[in-house]
Amino acid sequence: MIYLDNSATAPLKKEVLDSMMPYLTGGYGNASSIYEIGRKSRAAIEEARKTIAERIGALPGEIYFTAGGSESDNWAIKGVMARSAKTHIISSAIEHHAVLHTLQFMEKKGYKVTYLPVDSDGKISLSDLENAITEETGLITIMTANNEIGTIEPIEKIGEIAKKHNVLFHTDAVQAIGLMDINVKEMNIDMLSMSAHKFGGPKGIGVLYVRRGINIENLIHGGAQERTKRAGTENVASIVGMAKAIELATEDINGKTAKMAELRDKTIASILEKIPYVRLNGHKTDRLAGNINMSFQYIEGEALLLSLDMAGIAASSGSACTSGSLDPSHVLLAIGLPHEIAHGSLRLSMSENTTEEEMEKTVSALCGIVDRLRQMSPLWEEVNK
């Protein structure tokens, strides 16, 4: 199998599994216990907290472990606004559903939300952002990089605007960790969400970074874990695995991403050259190194996806069957694609281990699949006429 869905989940790295094994077997002590086996678990958690903090320029006390990116997003938005006297939130039209659905929940509770539009590349306008800020604005939540089209937002400048207006800034960096060099202090980020399984760690473990001094309400109540802020017995093995994964993912990050971007651009050029009526979605250069999102006219994305699967290639689509919705991706619609083109979209997301040979095989398979599917389409028959 050629695996090109790393944005959905990345394979667990062997070194990560090796780091977890001692805490899945002998080191099973509850970290809240005072006996030796419990103290060892506590020490492992605090060492992991320190490692993760270092990798994003934070302090260990600003790192809170969660069950993943969705919980981190929920906690950041609900937790901060619950302690704020302000009632206005600013976000974008292309956020992950973990943010969008949380904002819809907040609207039902009486909060006002401004959803900033994006341009055809998927970028927000900084002037739109600044103009949207009012005296009631308590939070700006804009993702670091889009999970579908890979576009990277101007996070550092967004942070500057938020700081200038004394508004808290949260970013969903779930897709960006391991593919971008992120420093929360230099980028004026007040809160940041991440999830381990996106960069070679285990599923079911994430982090919410909360800048020291921010007043945030608990999302989960029950125990005194995570310095009384997040109840629940700690998932020691996964916490240790997440620390190892971020350590590996951020090692020589610029060298790895440069190599991936070169292969990405070569693949995009090859597809555009060999297949007609195709467009690239997302910013051409300001995009995640491993992300390719393209729309193929006159075919359905689900048919393309299933055909690739039969050819031994795992990818994802922004069309109906993958989401259970009759509508195509909200991201593709937000960048201005009409329904009929958005329905024929495909995302290929590479890893540092993806080879040139794998991408050449994928392009070759795509050429045959697209041609076959188009031959079955009455729309394609009209185009040929």
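Everything numeric in this text was worked out from a predicted model, so none of it was measured. (Residues numbered from 1 in each chain as written. Predicted model: local features only at pLDDT ≥ 70, side-chain atom pairs only at ≥ 80, totals over all residues. Heavy atoms only, no water.)

Engineer: Residues and numbers for a negative patch on the surface, please.
Structural biologist: Together, E156, E160, D181 and E186 make up a region of like negative charge exposed at the surface. The topology assignment puts E186 in the loop between β6 (168–172) and β7 (191–195). (Patch = residues over 30% accessible without salt bridge, like charges linked within 9 Å, V, L, I, M, F, W, Y side chains within 5 Å. Areas by Shrake-Rupley, 256 points an atom, 1.4 Å probe, with all protein chains shown as cover. Salt bridge = Lys/Arg side-chain N within 4 Å of Asp/Glu carboxyl O. Lys, Arg positive; Asp, Glu negative; His and termini not counted. Charge placed at Lys NZ, Arg CZ, Asp CG, Glu CD. Helix = DSSP H or I, 4+ residues; strand = E, 2+ residues; numbered from the N terminus.)

Engineer: Give me the lowdown on the sheet that holds β6, citing residues and values where you can.
Structural biologist: The strands making up a sheet associate through hydrogen bonds between their backbones, and the pairing can be parallel or antiparallel. The strand order β2-β8-β7-β6-β5-β3-β4 describes an open sheet built from seven strands, whose pairing is mixed. Bordering the open sheet on either side are β2 (63–66) and β4 (112–116), each of which pairs with just one other strand. Between one strand axis and the next, the sheet turns through 20° on average, direction left out of account. On the sheet, helix α4 (residues 97–108) packs against β3 (88–92), β4, β5 (137–141) and β6 and is oriented at approximately 145° with respect to β4. (Pairing = 2+ DSSP bridges. Axes fitted to C-alpha atoms, helices over the stretch in contact; angles between N-to-C directions. Contact = heavy atoms within 4.5 Å.)

Engineer: Break down the side chain of H283 for me, citing the residues and quoting the values.
Structural biologist: Among the secondary structure elements, H283 is positioned in the loop between β9 (278–280) and β10 (291–296). Setting aside chain neighbours within four positions, we find H283 in contact with D121, K123 and T151.

Engineer: Describe the pairing of β3, and please don't skip the residues or the numbers.
Structural biologist: A large share of β3 lies buried, amounting to five of its five residues. Burial along β3 is two-sided: H88, I90 and S92 and I89 and S91, pointing in opposite directions, are all buried. In the sheet, β3 pairs with β4 via five bridges, with the strands oriented parallel. The partner of S92 across the bridge, within β4, is L116. Where the polypeptide runs from β3 across α4 and back to β4, its parallel neighbour, the crossover connection is right-handed. Sheet analysis places β3 next to β5, joined by three bridges and oriented parallel. Within the sheet, the bridge partner assigned to H88 lies in β5 and is T137. (Buried < 20%, exposed > 50% of the residue type's maximum accessible area, 1.4 Å probe, protein only. Right-handed = clockwise from strand over helix to strand, strands pointing away.)

Taken by themselves, the reported measurements are silent on function.
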